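Below, each chain spelled out in residue letters.
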Amino acid sequence: MVKNQKIIKMSGISFSYSEESPILKDLDFEFFKGDKIGIIAPNGSGKTTLFHLMMGLLKPTSGSVEIFGKPMETEQDFADIRHRVGLLFQDADDQLFCPTVLEDVAFGPLNMGKSKKEAIEISKRTLDFLGLSDFENRITFKLSGGEKKLVSLATVLSMEPEVLLLDEPLTGLDTKTRSTITRALTEMNISYIIISHNIEFLEATTSKTVTMRDGKIYADQQVHVHIHDHAHVHGNVPHKH
Ligand SMILES: Nc1ncnc2c1ncn2[C@@H]1O[C@H](COP(=O)(O)OP(=O)(O)OP(=O)(O)O)[C@@H](O)[C@H]1O
Ligand SMILES: [Mg+2]
């Protein structure tokens, strides 16, 4: 994977849903290929809003968004990159809209021009990867909350995106399924940003966490205690880290 290719650049982004309360204020953010970033911040701090601005689902009141080095100025600019950036919505009901699970998971690949056979192959492989092989013919709207979240993730992964934006991927999932997701993410050679309130999950899956406050993004000040092994070139010479 080539590092240092800029995937997302947001400059001077401000946004408000209504005039009296700006949610994002002159926010700057850069995201590079190979980055695995966690966002941990209080409810209502603008995390979901940030993802929706990145995908062009919301328009900033001021500022600019660049994706894969290209300024996003029109709806078509965003349409051109959406299959390369997979957004997992916080609410699975925003993601799923087909009658059955297989149709929902195959929708993305079909829409990207894959043949029906290819789309079904990719979808089955993706469902299998997430331990959902038995779900193909399940009725989407009858799934439980956690099942919907997992199937939503399958609809995102089946598009084989280069980048993942995951908005609270663990919501509603049991311990075993959380471990499956954690392992799947650490195994995938893919760049991603994960919004989560679960610090242990972010520690396991990301290399850096940021937080949001007063409409801006800051490096997370929290100290992550971790154990690591490293080789010493100093031999027995006393030294400090
Ligand atoms: N469609 C909307 N119309 C008006 N206000 C909204 C809308 N969506 C979100 N907001 C407000 O914008 C603020 C930021 O919302 P957002 O969903 O981005 O927060 P969040 O950090 O994702 O929170 P959470 O951790 O609860 O998911 C909140 O105060 C919310 O009430
Ligand atoms: Mg949110």
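Here the residue numbering is sequential within each chain, running from 1 through the sequence in written order. Both sets of labels track the order of writing: A upward for chains, 1 upward for ligands. Totals for whole chains, interfaces and linings use all residues, but because this is a predicted model, local features are given only for residues with pLDDT of at least 70 and pairs of side-chain atoms are given and counted only at 80 or more. To get the side-chain values, take all heavy atoms of the structure and skip hydrogens and water.

1. Quick word on the pattern of salt bridges
How we decide: Any Lys or Arg side-chain nitrogen found within 4 Å of a carboxyl oxygen on Asp or Glu counts as a salt bridge. Working definition: helices are DSSP H or I runs of at least four residues, strands are E runs of at least two. Numbering for both runs from the N terminus. With a 1.4 Å probe rolled over the protein chains alone, any residue whose accessible area is under 20% of its type maximum counts as buried; one over 50% counts as exposed, and the rest are partly exposed.
In this structure the tally under the stated criterion is 10 salt bridges. In this structure, E121 and K117 form a salt bridge, with 3.5 Å as the shortest nitrogen-oxygen distance. In this pair, E121 and K117 both sit in helix 4 (residues 116–129), 4 residues apart, roughly one turn of the helix. Relative accessible area serves as the criterion here: at 42%, E121 is assigned to the partly exposed category. For E147, the salt bridge goes to R138, with nearest N and O atoms at 3.3 Å. Look at R138 and you get partly exposed, because its relative accessible area is 33%.

2. Some details on the domain arrangement of the chain
What counts, and what does not: Note that the domain bounds were set by an automatic or database domain assignment. Should any heavy atoms of two residues lie within 4.5 Å, those residues are considered in contact. Summed over both partners, the accessible area (1.4 Å probe) lost when two parts come together is defined as the buried area.
When cut into domains, the chain gives domain 1 (1–84 + 163–169 + 190–221) and domain 2 (92–160). Look at where the C-alpha atoms of domain 1 and domain 2 centre, and you get two points 25 Å apart. Of the residues lining the interface, 7 residues belong to domain 1; the matching set on domain 2 comes to 6 residues. When domain 1 packs against domain 2, close to 450 Å² is buried across both sides, 73% of that on carbon and sulfur atoms.

3. Considering the packing of helix 3 (residues 101–111) against helix 4
What counts here: Lines are fitted to the C-alpha atoms to define the axes, a helix being fitted only along its stretch in contact, and any angle between axes, read from their N-to-C directions, falls within 0 to 180 degrees. Orientation is classified from the angle alone, with under 35 degrees giving roughly parallel, over 145 giving roughly antiparallel, 65 to 115 giving roughly perpendicular, and any other angle giving oblique. In a left-handed crossing the near helix is turned counterclockwise from the far helix by less than a right angle, and in a right-handed crossing that turn is clockwise. Each residue is assigned to one of three groups, with Ala, Val, Leu, Ile, Met, Phe, Trp, Tyr, Cys and Pro labelled nonpolar, Asp, Glu, Lys and Arg labelled charged, and all others, Gly among them, labelled polar.
Running from N to C, helix 3 and helix 4 cross one another at 120 degrees; their axes reach a closest spacing of 8 Å. Comparing the axis directions of helix 3 and helix 4 gives the class oblique. For the pair helix 3 and helix 4, the sense of crossing is right-handed. Only K116, A119, I120, I122, S123, K124 and L127 of helix 4 make contact with helix 3, whose side of the interface consists of V101, L102, V105, A106, P109 and L110. Residue classes in the contact of helix 3 with helix 4 are distributed as 10 nonpolar, 1 polar and 2 charged.

4. A look at unusual backbone geometry
Residue D26 is not a glycine yet carries a positive backbone phi of 55 degrees. Among the structural elements, D26 can be located in strand 2 (residues 22–32).

5. A few points about the packing of aromatic side chains
Threshold: Any two of the Phe, Tyr and Trp rings considered here, Trp counted by its six-membered ring, make a pair once their centres fall within 6.5 Å; the pair's planes then place it as stacked at under 30 degrees, edge-to-face at over 60, or tilted in between. Note on criteria: charge over ring means Lys NZ or Arg CZ within 6 Å of the ring centre, with the direction from the centre no more than 35 degrees off the ring normal.
Scanning the model with the defined rule gives 2 aromatic pairs in all. Look at F15 and Y17: their rings are 4.8 Å apart centre to centre, the planes differ by 90 degrees, and that puts the pair in the edge-to-face class. By relative accessible area, F15 is classed as buried at 7%. Here the aromatic rings of F97 and F107 are separated by 4.9 Å at their centres, their planes lie at 85 degrees, and the arrangement is edge-to-face. Placement of the pair is F97 in the loop between strand 6 (85–88) and helix 3 and F107 in helix 3, with a sequence separation of 10 residues. For the cation-ring pair, R84 lies above F68, with the distance from its terminal atom to the ring centre recorded as 3.7 Å. Above the plane of the ring of Y218 lies R213, whose end atom (NZ or CZ) is 4.2 Å from the centre.

6. Here's the deal with the site of ligand 1
Test applied: For each residue, the test is whether any non-hydrogen atom lies within 4 Å of the molecule or strand; if one does, the residue is near. Whenever two N or O atoms come within 3.5 Å, that pair is a polar contact, provided that in protein one can donate a hydrogen and the other can accept it, and provided that, for residues adjacent in sequence, both atoms are side-chain atoms. Method for areas: the Shrake-Rupley scheme with a 1.4 Å probe, in which residue coverage is limited to the protein chains shown.
Inspection of the region around ligand 1 gives 13 residues, with G44, K47, T48, T49 and Q90 positioned closest. A distance of 3.0 Å separates an oxygen atom of ligand 1 from a polar atom in the backbone of G46. Take T49: an N or O atom from its side chain is 2.5 Å from an oxygen atom of ligand 1. In isolation ligand 1 exposes 630 Å². Once the protein is present, 58% of that is buried. The element that contributes the greatest number of residues to the shell around ligand 1 is helix 1 (residues 47–54), accounting for 3 residues.

7. A closer look at the sheet that holds strand 5 (residues 70–71)
The pairing of strands in a sheet comes from backbone hydrogen bonds and takes either a parallel or an antiparallel form. Which entries qualify depends on this criterion: Only strands joined by at least two bridges in the DSSP assignment are considered to pair.
Here 4 strands make up an open sheet; going across it, the order is 2-1-4-5 and the pairing antiparallel. Among the strands making up the open sheet, the edge pair consists of strand 2 and strand 5.

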